[in-house]
Amino acid sequence: MEYIRLQEKLPPKEYRSDIEPTWCPGCGDFGVVTALTKAFSEEKLDPTAITMTSGIGCSSRLPLWMNAFGVHTAHGRALPAAVGIRLAKPETPTIVTAGDGDIFSIGMEHFPHTARKNFDITLVVMDNRMYALTKNQTSPTSRHGYKGSLNPYGNIEDPFNVIKFAIASGATFVAQSYSGNPKHLAETIQAAVEHKGFAFVNVLSPCPTFNKIDTFKYYKGRLIDINKELGHDPSDMKAALELASHALDADFPELEDAEPFKGKRPIGIFYKVEKETFEERVANLQEKFRPESGEPDWDEILAKYRP
Amino acid sequence: MAQTKVIALTGNQAAAEAMRQINFDIAAVYPISPQTELMGFFAEYVANGEVDTEMIAVDGEHSAMATCIGAAAAGARTITASAGPGIAYMVENLYVASGMRVPIVLLDVNRALSAPLSIHCDHADSMLTRDTSWISIFSENAQEAYHNIIMAVKISEKAMFPIIVNYDGYIVSHSIEDVEILDDETVRNFVGPSDIHRIPYPLLDTDKPVTYGATAQPDYYTECKYQQHVDFLKVYDIVREVFDEFAEISGKRYDFIEEYKTEDAEYIGISMGSSFGTLKDAVDRLREQGRKVGAIKIRLYRPFPVKEIAQALSKAKGVVVLDRADSFDGIGGPLFKDIATALLATENNPYLHNFIYGLGGREIHEEEFMRAFDRLERLEKGIETRENFVEYLQVRE
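Residues numbered from 1 in each chain as written. Chains lettered and ligands numbered in written order. Predicted model: local features only at pLDDT ≥ 70, side-chain atom pairs only at ≥ 80, totals over all residues. Heavy atoms only, no water.

Colleague: Quick one: what's the story with the pairing of strand β5 (residues 173–178) of chain A, residue by residue and with numbers?
Modeller: Residues and elements named next belong to chain A. The buried count for β5 comes to 6 of 6 residues, which makes it a mostly enclosed element. Of the two faces of β5, the one carrying F173, A175 and S177 and the one carrying V174, Q176 and Y178 are both buried. Bridge count between β5 and strand β6 (residues 199–204): 6 bridges; the pairing is parallel. Its bridge partner being in β6, Y178 is matched across the sheet by L204. Between the parallel elements β5 and β6, the chain passes through helix α6 (residues 182–194) in a crossover that is right-handed. One ladder, built from 4 bridges, connects β5 with strand β8 (residues 265–272); its direction is antiparallel. Of the residues in β8, the one forming a bridge with A175 is I269. (Buried < 20%, exposed > 50% of the residue type's maximum accessible area, 1.4 Å probe, protein only. Helix = DSSP H or I, 4+ residues; strand = E, 2+ residues; numbered from the N terminus. Pairing = 2+ DSSP bridges. Right-handed = clockwise from strand over helix to strand, strands pointing away.)

Colleague: How would you sum up the domain arrangement of chain B? Please name residues and give values.
Modeller: Residue and element names in this part refer to chain B. Splitting chain B by domain gives domain 1 (4–250) and domain 2 (257–392). Here the C-alpha centre of domain 2 lies 28 Å away from the C-alpha centre of domain 1. Contacts between the two partners involve 27 residues from domain 1 and, on the opposite side, 26 residues from domain 2. Area buried by domain 1 at its contact with domain 2 is led by R130, E140 and Y236, which between them contribute 30% of it. Here domain 1 is connected to domain 2 by 14 residue pairs in polar contact (both at pLDDT 80 or more). (Domains from an automatic or database assignment. Contact = heavy atoms within 4.5 Å. Buried area = accessible area lost by both parts, 1.4 Å probe. Polar contact = N/O pair within 3.5 Å; in protein donor to acceptor, adjacent residues only side chain to side chain.)

Colleague: Can you lay out the environment of G99 of chain A for me, pointing to particular residues and giving the numbers?
Modeller: Residue and element names in this part refer to chain A. Within the secondary structure, G99 sits in strand β3 (residues 94–99). For G99, a relative accessible area of 8% puts it in the buried group. Sequence separation between G99 and V124 is 25 residues; the distance between their C-alpha atoms is 8.3 Å. Once you skip the residues sitting within four places of it in the chain, G99 turns out to touch S59, S60, V125 and M126.

Colleague: Residue-level account of the interface of chain B and chain A, with values.
Modeller: In this complex, chain B contributes 20 residues to the contact, which on the side of chain A involves 16 residues. Between chain B and chain A, a total of about 1,300 Å² is buried, with carbon and sulfur atoms accounting for 64% of that surface. Among the residues chain B hides against chain A, the three largest losses belong to Y30, P31 and Y89 of chain B. Together they make up 32% of the total. If you look at where chain B meets chain A, you find 0 salt bridges. Our count for the chain B to chain A interface comes out at 7 residue pairs in polar contact (both at pLDDT 80 or more). Elements supplying a minimum of two residues to the side of chain B that touches chain A: α2 (36–47) and β3 (54–57) of chain B. Considering every element that reaches the side of chain B that touches chain A, the biggest residue donor is α2 of chain B, with 6 residues. (Salt bridge = Lys/Arg side-chain N within 4 Å of Asp/Glu carboxyl O.)

Colleague: Could you give an account of helix α1 (residues 29–42) of chain A, naming the residues involved and the relevant values?
Modeller: Residues and elements named next belong to chain A. Here α1 contains 14 residues, and its C-alpha end-to-end distance of 20 Å stays within 8% of the 20 Å for a straight helix at 1.5 Å per residue. With 10 of 14 residues buried, α1 lies mostly within the body of the structure. Residues D29, G31, V32, V33, A35, L36, T37, A39, F40 and S41 constitute the buried set of α1. Contacts from the buried residues of α1 go to β1 (51–54), β3, β4 (122–127), α6 and β6. (Expected span 1.5 Å × (residues − 1).)

Colleague: Please provide a residue-by-residue account of the pattern of salt bridges, values included.
Modeller: Per the stated rule, a full pass over the model turns up 50 salt bridges over all chains. Residues R129 of chain A and D214 of chain A are paired through a salt bridge, measuring 3.4 Å at the closest nitrogen-oxygen approach. With a gap of 85 residues between them, R129 of chain A in the loop between β4 and α5 (162–169) and D214 of chain A in the loop between β6 and α7 (216–219) connect regions that are remote in the sequence. Across this residue pair, the class does not change: R129 of chain A and D214 of chain A are buried. Between R299 of chain B and E258 of chain B there is a salt bridge, with its nearest N and O atoms 3.2 Å apart. On the criterion of sequence distance, the pair formed by R299 of chain B in the loop between β11 (293–298) and β12 (300–302) and E258 of chain B in strand β9 (residues 257–260) is long-range, its members being 41 residues apart. Assessed through its relative accessible area of 24%, E258 of chain B is described here as partly exposed. What emerges from the salt-bridge pattern is a single network uniting E140, E144, E258, K280, K297 and R299 of chain B.

Colleague: Describe the nonpolar core, with residues and values.
Modeller: Counting residues in hydrophobic clusters, the biggest one holds 59 residues, and the most contacted among them are L107, I135, Y146, I150 and I155 of chain B. The element best represented in this core is helix α6 (residues 142–159) of chain B, accounting for 10 residues. Counting residues in hydrophobic clusters, the runner-up holds 32 residues, among them I103, F104, F111 and F119 of chain A. (Core = buried A, V, L, I, M, F, W, Y, C linked by side-chain atoms within 4.5 Å.)

Colleague: For the packing of aromatic side chains, give the residues involved together with the corresponding values.
Modeller: All names here are of chain A. In this structure the tally under the stated criterion is 26 aromatic pairs over all chains. Centroid distance W23 to W65: 5.6 Å. Interplanar angle 90°. Geometry classified as edge-to-face. Of this pair, W23 sits in the segment before α1 while W65 sits in the loop between β1 and β2 (69–72), and the two are 42 residues apart along the sequence. For W23, a relative accessible area of 7% translates into the label buried. Ring geometry for F104 and F200: centres 6.1 Å apart, planes at 85°, overall edge-to-face. Residue F104 is found in helix α3 (residues 100–106), and its partner F200 is found in strand β6; the two are separated by 96 residues along the sequence. (Phe/Tyr/Trp six-rings, centres within 6.5 Å; stacked < 30°, edge-to-face > 60°.)

Colleague: Just give me the short version of a nonpolar patch on the surface, but keep the residues and values in it.
Modeller: Taken together, the side chains of W298, I301, L302 and Y305 of chain A define a hydrophobic patch exposed on the protein surface, amounting to about 470 Å² of accessible area. By the element assignment, L302 of chain A lies in helix α10 (residues 298–303). (Patch = residues over 30% accessible without salt bridge, like charges linked within 9 Å, V, L, I, M, F, W, Y side chains within 5 Å. Areas by Shrake-Rupley, 256 points an atom, 1.4 Å probe, with all protein chains shown as cover.)

Colleague: So what's going on with the state of the cysteines? Which residues, and what values?
Modeller: All names here are of chain A. Enumeration over the complete set of coordinates arrives at 0 disulfides over all chains. No disulfide involves C24; its sulfur sits 6.3 Å from that of C207, the nearest cysteine. Given a relative accessible area of 36%, C24 falls into the partly exposed group. (Disulfide = S-S within 2.5 Å.)

Colleague: Give me the lowdown on the packing of α1 of chain A against α6 of chain A, citing residues and values where you can.
Modeller: Residue and element names in this part refer to chain A. Remark: α1 packs on α6, axes separated minimally by 8 Å, with the N-to-C direction vectors making an angle of 50°. Between α1 and α6, the crossing angle belongs to the class labelled oblique. α1 and α6 meet at a crossing whose hand is right-handed. Note on element contacts: α6 touches α1 through P182, L185, A186, I189, Q190 and V193, opposite G31, V32, A35, L36, K38, A39, F40 and E42. (Axes fitted to C-alpha atoms, helices over the stretch in contact; angles between N-to-C directions. Parallel < 35°, antiparallel > 145°, perpendicular 65-115°, else oblique. Left-handed = near helix turned anticlockwise from the far one by under 90°.)

What follows is the structure, given as structure tokens:
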């Protein structure tokens, strides 16, 4: 089903609410707000028709700053809430904004299944690689060795390669961007919104308060655009999976010079494919089994069960 | 008697200190305010090798409780802690744990439930656990939280039921007070070594292989639940026994309920958790006016101290139950219904009224509790009337 759209573009600021973000100064997530408003403006979305769903965490407060409908759900449940919205109001652009702890830890069970079913949802994850709202604990995307309050001598786990996982789960649009690159981020989110189907954008988004490793300073000069610089074609799943399996190489010093990223973090669209959405399949099913006129022929149905 | 020292600690620090002294085998953790800080303090003990605990950061509270069930069934002394929505998320596994009869300690740093989202204190989270067949104890302050955790290990392992120790989020968890700490040796002797044979059927006892939680068809499910029912009634004696043993090492004697100036009281207020101090202040101020009022604190919440409550209310003219959670059921708060039921065990039939207070961290003042007593007395005397048993004590209408 087509989204409700405006005839004319609204300026991006029209998508912001009057509420000022309560994030710390310098938070990467501010860049995501700006990028979302630009993307919505370019896509001519109607603010009175957008729904934004989130879970729990610093980044999950984002819907409050937006001029759109917002549903602040339980921890990890942003995606199933969005699924409910999709089924009830398929003409509504449905955006999920949440963090790495929310989506990849407590809400992890929903991520592969929402992707696999190909709901027309745009999922923007602000990945600061730790839990910030509860003041610095390791999340599934934290680096090995990262020091959080529950492991003061460093994380003994390895980080979760969410890009590779998303492609393997059947997401039909998988991208990574960076909150310090507003142009790339806005274009990527716009492409994700435009995509019909489950679109996942992992946004590398530094937390200046707690994460002293994955900082803006760290990312400066360490990003590589897989589409523009490496000429990656997002329709090539095999190439996408190959690239995705190196997405975390830069975490490990021994892979500093390894191909294809040579110690850099990849940004860009890894994978994109057109596929029937869940909503379309539901509509097709309803169409197929809807009786042609009025009441079913009960006598005929009952006759089948008579000896 | 133990060597003791008094130090200034927050509720979370005091709880972490108890956990250090007990030296649990396994701790499963997931961050949630206002609990996170507690496991942060404990993580330092783990990291510095001051305890033998294996600590695992899991992917959510449902998994935290599942991890505890596995560890406890294997024979490990096991703990987790959570709050509010985290407790709610655990509930399915709380039933599994108690049905399997594994001893686990769960610290509930009481927090309100969503929606709207609130990280502050009320008892809605704990009320979700009241029918789970977990033993449940409330703490008024950091000192009680510290003592309750030490006693909880022993109660849980003797009863073979899991146990929840509640203390109020932020009000207790983040406020600093003087806490009397026992020496390590006394605590470790009190709880005893964590030998896997201290529980009847540890998974790792290869001479007695068992399965936990297998399917029970209609021909046996009822018998399993009846066994659980009968054994849960034995918890009263076990708790009393452990309270007595604890009095010997600490000099601090606890009971299921705490009574304050109830002996000649005509009107009695009842609360749980940190608000009891405020309630006692309200009683004192009303006593200065010559009013015969008293207060009761519930320490052992599950199993509910029916006989003790009936006895304590056997002469009261009126009782006001102060609930830090609403049941939204047209009757009254959860504690109100417990008290009303307990009154069946006495011939006395006092006038009963219910107030909801302190939701989502709303501060409570003694004037408000005094107002609750006023309303109770006027209702009892027929000066005022009511439409419902339950009213809100602090609300902007």
